[in-house]
Amino acid sequence: IKLSQADISAINEYIKNYVSPFLNLEIINPIFEEIWIKGKVKFLNIPSGKGVFNLNKDLVDFFCPWINDGNLENINVGGSFKRSEIINFIKTRPYISFITGISIVHIKINSSGNKEIYDSASEDNTKNLIKTGSKHSILIPRDYNQIEIIENEKYSPPEKTNFSDLNIEQNF
């Protein structure tokens, strides 16, 4: 949810009536930073289309529980997630039999306002923590993830994401 500049101004004016004049309070919009999952999945007793739909929905619930439960205290502003936490969440879905080749891509806004791409499958990646680029950012999953359906439970290493995979014209 993003507020218009008129809404932000109206809220700032309203709040001024209730706070100390010595308090400097500013209402701003959060920055939404996308998380994108790329991997191979074998589903358990569920059609693949429904499995992908359920996984995308469950990822929204995982990253943004406040969307469905209405508890705004669950908004993780300026927060982080462990890569292992995300992978374990996916593994424990009751409709998933096997996952492999999981790569987590984070499209981050740095302190200069520029976009950076973090890919957990890159060779130089050793960190387990996926953290927002600013204290005003919220991590959200993409509407769709790149999930390949597999039939055999065979290990595949994570594959580094190509720019063409990201649909750059939609993200930058």
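Anyway, here's the lowdown on the structure attached to this text. Residue numbers restart at each chain and count upward from 1, following the sequence in its written direction. Side-chain atom pairs in this predicted model are given and counted only at pLDDT of 80 or more, local residue features only at pLDDT of at least 70, and totals for whole chains, interfaces and linings cover all residues. Side-chain measures here rest on the full set of heavy atoms in the structure, leaving out hydrogens and waters.

### Brief notes about the pattern of salt bridges
The rule for a salt bridge is simple: a side-chain nitrogen of Lys or Arg has to be within 4 Å of a carboxyl oxygen of Asp or Glu. The final tally for this structure, using the stated rule, is 6 salt bridges. With a closest N to O distance of 3.5 Å, Lys 57 and Asp 61 form a salt bridge. One end of the pair, Lys 57, and the other, Asp 61, are both in helix H2 (residues 48-63), 4 residues apart, so they sit about a helical turn from each other. Asp 58 serves as the salt-bridge partner of Arg 93, at 4.0 Å between the closest nitrogen and oxygen. One end of the pair, Arg 93, is in the loop between helix H4 (83-91) and strand S3 (96-109); the other, Asp 58, is in helix H2, with 35 residues separating them in the sequence. Classification of residues uses two cut-offs on accessible area relative to the type maximum, computed with a 1.4 Å probe and protein chains only: under 20% is buried, over 50% is exposed, and between them is partly exposed. For Arg 93, a relative accessible area of 19% translates into the label buried. Numbering goes from the N terminus for both helices and strands, where a helix is a DSSP run of H or I of at least four residues and a strand is a run of E of at least two.

### Considering the pairing of strand S4 (residues 115-119)
On a regular strand, each side chain points to the face opposite its neighbour's, so the side chains alternate between the two faces of the sheet. The pairing criterion is simple: DSSP has to find at least two bridges between the two strands. Across 5 bridges, the pairing between S3 and S4 is antiparallel. Directly across from Lys 108, in S4, lies its bridge partner Glu 116. The hairpin turn running from S3 into S4, its antiparallel successor, is 5 residues long, and Gly 113 in that turn takes a positive phi close to 90 degrees.

### Side note on the environment of Glu 26
The residue Glu 26 is located in the loop between helix H1 (5-16) and strand S1 (31-43) in this model. Classification of Glu 26 as exposed rests on a relative accessible area of 62%. A C-alpha to C-alpha distance of 31 Å links Glu 26 and Lys 82, two positions 56 residues apart in sequence.

### Some words on the pairing of S1
As paired elements, S1 and strand S6 (residues 137-141) share 5 bridges and run parallel to each other. Bridge pairing links Glu 34 to Ile 140 in S6.

### Focus: the nonpolar core
Generally speaking, soluble globular proteins have nonpolar side chains that are buried together. Here, nonpolar core refers to any group of buried Ala, Val, Leu, Ile, Met, Phe, Trp, Tyr and Cys residues whose side-chain atoms link them within 4.5 Å. Residues Ile 37, Phe 63, Ile 86, Ile 90 and Ile 96 are the most contacted members of the largest nonpolar core, which totals 25 residues. Those elements that provide at least two residues to this core are S1, H2, H4, S3 and S6. The criterion used for residue contact is that any of the two residues' heavy atoms lie within 4.5 Å. Not counting residues within four places of it along the chain, the set of residues in contact with Ile 90 comprises Ile 37, Leu 55, Leu 59, Ile 96 and Ile 99.

### Considerations on the side chain of Ser 156
Tracing the chain through its elements places Ser 156 in the loop between strand S7 (146-149) and helix H5 (168-171). Side-chain polar atoms of Ser 156 contact the side chain of Lys 40, separated by 3.4 Å. Once residues lying within four places of it in the same chain are set aside, the contact partners of Ser 156 are Lys 40, Thr 100 and Gly 101. By the criterion applied in these results, polar contacts are pairs of N or O atoms within 3.5 Å in which, for protein atoms, one can donate a hydrogen and the other can accept it, and in which residues neighboring in sequence qualify only through two side-chain atoms.

### Focus: the packing of H2 against H4
Angles run from 0 to 180 degrees between N-to-C directions of axes, and those axes are lines fitted to C-alpha atoms, restricted for helices to the stretch in contact. For the pair H2 and H4, interaxial distance at closest approach is 11 Å and the crossing angle is 135 degrees. In terms of orientation, H2 and H4 fall into the oblique class. Two packed elements cross with a definite hand, and for H2 against H4 that hand is right-handed. Contacts between H2 and H4 involve Leu 55, Asp 58, Leu 59, Phe 62 and Phe 63 from the first element and Glu 85, Ile 86, Phe 89 and Ile 90 from the second. Angles are sorted into four bins: roughly parallel if under 35 degrees, roughly antiparallel if over 145, roughly perpendicular if 65 to 115, and oblique for all others. Put simply, a crossing is left-handed when the front helix is turned counterclockwise from the back one by less than a right angle, and right-handed when it is turned clockwise.

### Focus: H2
If you check H2, its first and last C-alpha atoms are 22 Å apart, about what 16 residues at 1.5 Å a residue would give, namely 22 Å. All buried positions along H2 are accounted for by Gly 51, Asn 54, Leu 55, Asn 56, Asp 58, Leu 59, Phe 62 and Phe 63. Take the number of residues in a helix, subtract one, and multiply by 1.5 Å to get its expected span.

This is a description of form; function is not addressed.
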